[in-house]
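# Residue-level structure breakdown
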Amino acid sequence: MARKPRPAKPRVIVTRRLPPNVEARMAELFDTSFNVEDCAMDRTALARAMAQCDVLVPTITDQIDAAMIAAAPERLQMIASFGSGVDHIDLAAARRKGIIVTNTPGVLTEDTADMTMALILSVPRRLAEGEKLVRTGQWRGWSPSGMLGHRIGGKKLGIIGMGRIGRAVAARARAFGLTIAYHNRHRLPFEVEQELEAAWYPELDSLLRDSDIVSIHCPLNADSRRMMDGRRIALMRPDAYFINTSRAEITDEEALIVALSEGRIAGAGLDVYTHEPAVDTRLLALSNVVLLPHMGSATFEGRDGTGARVIANIRSWADGHRPPNQVLEGWV
């Protein structure tokens, strides 16, 4: 499909509030409109925005499906997503329409790995439970049997998805004395395995049976959706812990809740939920679960870096070049 010429100062609509310095720079470079209320746009508002701009800057809260893309006018030439994941955009529909899609990979790797490591530490050591005891005035002082948890040194961490974030988590975990195992679609180069002292498990089921802690770090796609179903959760040991800072839809949340409630796994640390921002009330009632409000990438540095990457992608496109972070055919 032939596209209109790229405007020197494209009309850009941003679906959520961004850091002030990022918005200021975007306003300087582009003809930009911002969502000043910072409320997630509904389907109607998103469609209206797509009809009024050359470039849409959505976030992971904006579900842009095939029907919306098909209905978008020719003016919309680019979707410059604020974030590394693109599972909220129908990439095949965008390709058919000739719309360029970009993301911001690598910016949030260290932040997400830090938060994952925090959960790996906090769940076995019951940090959230202990903090709640102090805040509610229920703590009665130290005792030899009080607030016992499990040490993580010497335990096996099973990482599902050994991309940038998975490798960053592995590097941190080694410093805490964890043994690293991983399942990936493709085995890492020998040198990387040696550096991380990581053992490859070609079969996910075997990794789940052998791991003391399981952490999810793969993208959400057709292969990974509900990959951690009831059958696979049942493979985990009763003393094992489950960590997810990736995408909630990779896990069957219902099966996870049942396993936690019945004590079939020891606990979980979650930063993502199937029906965000709603959180299942059964999870709220479980003392063996640490719950975070999807804050794995929430650092000032990370948000600024993500904004800078979005701006670079739009500027490169407006100058007639292929954006550095264009999502290509084989991304998923």
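Residues numbered from 1 in each chain as written. Predicted model: local features only at pLDDT ≥ 70, side-chain atom pairs only at ≥ 80, totals over all residues. Heavy atoms only, no water.

### Things to note about the layout of surface pockets
Rolled over the atoms, a probe as big as a water molecule pinpoints where empty space is left. Cut-off, in case you're wondering: Grid spacing is 1 Å over the protein atoms alone, the probe is 1.4 Å, and a cavity is where that probe fits but cannot get out, while a pocket is an open set with protein on both sides within 12 Å along at least five of seven lines and lining residues have an atom within 4 Å of a point. Grid points are joined across faces, edges and corners, and a volume is the space filled by probe spheres set on the points. Secondary structure follows DSSP: runs of H or I at least 4 residues long count as helices, runs of E at least 2 residues long count as strands, and numbering of each begins at the N terminus. Basically, the charged four are Asp, Glu, Lys and Arg, the nonpolar ten are Ala, Val, Leu, Ile, Met, Phe, Trp, Tyr, Cys and Pro, and anything else, Gly included, counts as polar.
Approximately 300 Å³ is the volume attributed to the second largest pocket. For the second largest pocket, the lining is made up of 13 residues, of which Lys132, Leu284, Leu286, Ser287 and Val289 are closest to its centre. When residues of the lining of the second largest pocket are traced back to their parent elements, those giving at least two are α6 (127-135), α12 (281-284) and β12 (289-291). For the lining of the second largest pocket, the element with the highest residue contribution is α6, accounting for four residues. Among the residues forming the lining of the second largest pocket, the class breakdown is 10 nonpolar, one polar and two charged.

### What about the domain arrangement of the chain?
Selection rule: Start and end positions for the domains come from either an automated domain assignment or a database one.
Its domain assignment divides the chain into domain 1 (11-103 + 299-319) and domain 2 (109-291). With centres defined by C-alpha atoms, the gap from domain 1 to domain 2 works out at 32 Å.

### Topic: a nonpolar patch on the surface
What counts here: Excluding any residue in a salt bridge, patches collect residues exceeding 30% relative accessible area, merging like charges within 9 Å and nonpolar Val, Leu, Ile, Met, Phe, Trp and Tyr side chains within 5 Å. Reported accessibility uses the Shrake-Rupley method at a 1.4 Å probe radius. Residues are deemed covered only where the shown protein chains occlude them. By convention in these notes, a salt bridge is any Lys or Arg side-chain nitrogen within 4 Å of a carboxyl oxygen on Asp or Glu. Throughout, exposure labels follow a simple rule: accessible area from a 1.4 Å probe, protein chains only, divided by the maximum for the residue type, with under 20% read as buried, over 50% as exposed, and the rest as partly exposed.
A grouping of Val134, Trp139 and Trp142 is seen on the molecular surface, where their side chains present a nonpolar patch of about 450 Å² in accessible area. Mapped onto the elements, Val134 comes out in helix α6. Overall, the relative accessible area of 54% leaves Val134 in the exposed class.

### Here we look at empty space enclosed by the protein
Overall, the coordinates contain two cavities of 30 Å³ or more when judged by the stated rule. Estimates place the volume of the largest cavity at around 50 Å³. What lines the largest cavity is simply Ser122, Val123, Arg126, Leu127, Ala128, Glu129, Ser287, Asn288, Val289 and Val290. Secondary-structure elements contributing two or more residues to the lining of the largest cavity are α6 and β12. Broken down by element, the lining of the largest cavity gets its largest block of residues, three residues, from α6. Its residues assigned to classes, the lining of the largest cavity shows five nonpolar, three polar and two charged. A volume near 40 Å³ is recorded for the second largest cavity. Every residue lining the second largest cavity is listed: Phe242, Asn244, Ala248, Thr251, Glu253, Leu256, Leu270 and Val272. For the lining of the second largest cavity, the elements supplying multiple residues, two or more each, are β10 (241-244) and α11 (253-261).

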